[in-house]
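Architecture at a glance
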Amino acid sequence: RRRQSTTPLQALNLFNSRFTLAQAEAFASRVKEEMGDDITNQITRAYLLALSRGPTAEELRDTLPTVQKHGLTVLCRALFNSNEFLFLP
C-alpha cells in the first residue's frame, strides 16, 4: 500500500518536469502516427491509451479547442497529470 505524499511541489514538478514534457511529446507523436490528422480521433485515442476509456462528450467538447490551438502534446501532458491517470481507485 502506498502512503499519501502529495504536496504542491510534487504536482508542480510532475507538470513541469523535463521528463513529463518529453513523455507527453512522445505520447502525442505516437497518437498522431496511429490516428493521422483527425484531431477528434487523436483525442479519443489519447484518452483510450492513458485512461482506458474514451472521452465523454463534455471532455471532447472541452479539449477539442485546446488541442486545435495548442497541440496534442498539451492534452497528453494534462492526461498524465490527471487524478484518473495518477491514482488507482
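Further up the page is the structure itself.
Now for a look at the structure at hand.

What counts as what
- Per chain, residue numbering runs from 1 following the sequence as it is written.
- Given that the model is predicted, a residue must reach a pLDDT of at least 70 before its local features are reported, and side-chain atom pairs must reach 80 or more before they are shown or counted; all residues, however, enter totals for whole chains, interfaces and linings.
- Based on all heavy atoms of the structure, the side-chain values leave hydrogens and waters out of the count.
- Each patch is built from salt-bridge-free residues with over 30% relative accessible area, joining like charges within 9 Å and nonpolar side chains (Val, Leu, Ile, Met, Phe, Trp, Tyr) within 5 Å.
- The protein chains shown are the only cover counted for residues, whose accessible areas, like all others here, come from Shrake-Rupley with a 1.4 Å probe.
- In what follows, salt bridge is the name for a side-chain nitrogen of Lys or Arg lying within 4 Å of a carboxyl oxygen of Asp or Glu.
- Numbered from the N terminus, helices here are DSSP runs of H or I no shorter than four residues, and strands are runs of E no shorter than two.
- The buried label goes to any residue with under 20% of its type's maximum accessible area, the exposed label to any with over 50%, and the partly exposed label to all in between, with areas taken from a 1.4 Å probe on protein chains only.
- Take the number of residues in a helix, subtract one, and multiply by 1.5 Å to get its expected span.
- Within this analysis, the arc is defined by the directions that extend from the helix axis to the C-beta atoms.
- In this description, contact between two residues means that some pair of their heavy atoms is separated by no more than 4.5 Å.
- Under this definition, polar contacts are N or O atom pairs within 3.5 Å; protein pairs additionally need one hydrogen-donor-capable and one acceptor-capable atom, and for neighbouring residues in sequence, both atoms have to be side-chain atoms.

Let us look at a nonpolar patch on the surface. Taken together, the side chains of Phe 85, Leu 86 and Phe 87 make up a nonpolar region of the molecular surface, amounting to roughly 250 Å² of accessible area. In this structure, Phe 87 sits in the segment after helix 6 (83-86).

This structure, assessed with the given rule, holds five salt bridges. Between Glu 84 and Arg 53 there is a salt bridge, and its shortest N-O distance comes to 2.6 Å. Note that Glu 84 is positioned in helix 6 and Arg 53 in the loop between helix 3 (39-51) and helix 4 (57-70), a separation of 31 residues in sequence. Glu 84 sits in the partly exposed class, given a relative accessible area of 42%. The shortest N-O distance in the salt bridge between Asp 62 and Arg 61 comes to 3.6 Å. In the salt-bridge network here, residues are joined through shared partners; they are Arg 30, Glu 34 and Arg 45.

Between its first and last C-alpha atoms helix 3 spans 18 Å; for 13 residues at 1.5 Å apiece the expected length is 18 Å, and the two agree. Within the span of helix 3, buried status applies to Gln 42, Ile 43, Ala 46, Tyr 47, Ala 50 and Leu 51. Projected onto a plane normal to the axis of helix 3, the buried residues spread over an arc of 130 degrees and lie on a single side. In this structure, the buried residues of helix 3 make contact with helix 2 (18-35), helix 4, helix 5 (72-80) and helix 6. Where helix 3 starts, the residue carrying a side-chain oxygen 3.0 Å from the main-chain nitrogen of Thr 40 turns out to be Asp 38.

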